[in-house]
Amino acid sequence: MDNINSSSSNSDNSDVNYSIYISGVGGQGIIKTSVIIGEAAMLEGYDVVMSEIHGMSQRGGSVSTELKIGNFKSSIVEENKADLILAFEPIEVLRGLDKANKDTALIFNTFPIVPSTLTQTGETYPDIGDIIKNLKDNFDSVYPVEGNGLAKDAGSILSLNMVLLGACVANDSFPLSKETVETAMKHNLAPKFHEMNLKAIENGYNAIKDSL
C-alpha cells in the first residue's frame, strides 16, 4: 500500500470523523473518485488522509482505496470501522465486508464483471439478487445502484464513478454536500465532460433518494 496523499486544511473543523473504503476493478475510475472526495472534503474545511492499493489494476484486477475525513493519523480503515463502503462491482462489496459493521452504508453497482479465472474454472458468478438479499439481511443500510444504466443515460459508461459518487452524496450520513462534490469534480475532470458528469451525479443522487 502506498500513501498517495495526506493533506490537511487550515480549519479547526473537527466535527466529522468518517471512514470510506472504495473498491472496484481496474479502469473503473476508483482512484479519481477518491481524489474528488478528498478535494471536496478539503474544500469544506476537513482534514483528509488517503491511500491506494493498485493490486492487479492493469489486468482488470481489484483496486481499492481507503480514505478518512476528519482527525485521523492513518489512512487505513480498521476492521468493522468503515462508515461507507463504495463498490463499483457486486463482488467487490463482499470483499470489503470485513471493514463493515451493521451501520455501515453499503453502496454498490449491481452490474457484474465476471473474472476470467471464474470462467476458466467453470465456476459461476453469484446471483445478484442473492447478494442483495444476504446483505439486506445482515446490514441496515444497503443501497444497490444500477450504475451502468444510469451512466449510459448520462452520456457514457465512463461516468459510472460519478453516478456512484452521486449515490454517496444522497446518503444522509455522507458528510459532504452535492454542491461541493460537483465543484471538486469540475476541478479534476476536463470541462468538455462536466455536463455529462453533472448528470451522472444527479442520476446517482436521485436513484438513492427515490429508494428511501
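Residues numbered from 1 in each chain as written. Predicted model: local features only at pLDDT ≥ 70, side-chain atom pairs only at ≥ 80, totals over all residues. Heavy atoms only, no water.

Draft legend 1. Summary view of the pairing of strand β5 (residues 84–87). A two-sided burial pattern is seen for β5, the buried positions comprising L84 and L86 on one face and I85 and A87 on the other. Pairing of strand β2 (residues 18–25) with β5, which is carried by 4 bridges, proceeds in the parallel orientation. Counted as the bridge partner of S23 is A87 from β5. One ladder, built from 4 bridges, connects β5 with strand β6 (residues 105–109); its direction is parallel. (Buried < 20%, exposed > 50% of the residue type's maximum accessible area, 1.4 Å probe, protein only. Helix = DSSP H or I, 4+ residues; strand = E, 2+ residues; numbered from the N terminus. Pairing = 2+ DSSP bridges.)

Draft legend 2. Examining helix α6 (residues 160–170) more closely. For α6, a buried count of 11 out of 11 residues is recorded, marking the element as mostly surrounded by other parts of the structure. Among the residues of α6, L160, N161, M162, V163, L164, L165, G166, A167, C168, V169 and A170 are the ones counted as buried.

Draft legend 3. Structural context of the packing of helix α1 (residues 30–43) against α6. Two elements in contact, α1 and α6, have axes separated by 10 Å at closest approach and are oriented at 40°. Taken together, the axes of α1 and α6 are oblique relative to one another. Handedness of the α1/α6 crossing: right-handed. In contact with K32, T33, I36 and I37 of α1, α6 contributes N161, M162 and L165. (Axes fitted to C-alpha atoms, helices over the stretch in contact; angles between N-to-C directions. Parallel < 35°, antiparallel > 145°, perpendicular 65-115°, else oblique. Left-handed = near helix turned anticlockwise from the far one by under 90°. Contact = heavy atoms within 4.5 Å.)

Draft legend 4. Focus on the pattern of salt bridges. Under the defined criterion, the tally for this structure stands at 9 salt bridges. A salt bridge links K102 to D140; the shortest N-O distance between them is 3.5 Å. Separated by 38 residues along the polypeptide, K102 in the loop between α2 (90–95) and β6 and D140 in the loop between α4 (128–138) and β7 (141–145) bring together distant segments of the chain. D137 is the partner of K133 in a salt bridge, and the nearest nitrogen-oxygen pair spans 2.9 Å. Residue K133 and its partner D137 are both found in helix α4; the two are separated by 4 residues, about one turn of the helix. Taken together, the shared-partner salt bridges connect K178, E182 and E202 into one network. (Salt bridge = Lys/Arg side-chain N within 4 Å of Asp/Glu carboxyl O.)

Draft legend 5. Spotlight on the nonpolar core. By size, the foremost hydrophobic cluster in this structure holds 42 residues, and its most contacted members are I20, I37, I69, F174 and L176. Tallying contributions element by element places α6 first for this core, with 9 residues. Leaving out residues up to four positions away in the same chain, F174 has contacts with Y18, I20, I37, L84, C168, V169 and V181. (Core = buried A, V, L, I, M, F, W, Y, C linked by side-chain atoms within 4.5 Å.)

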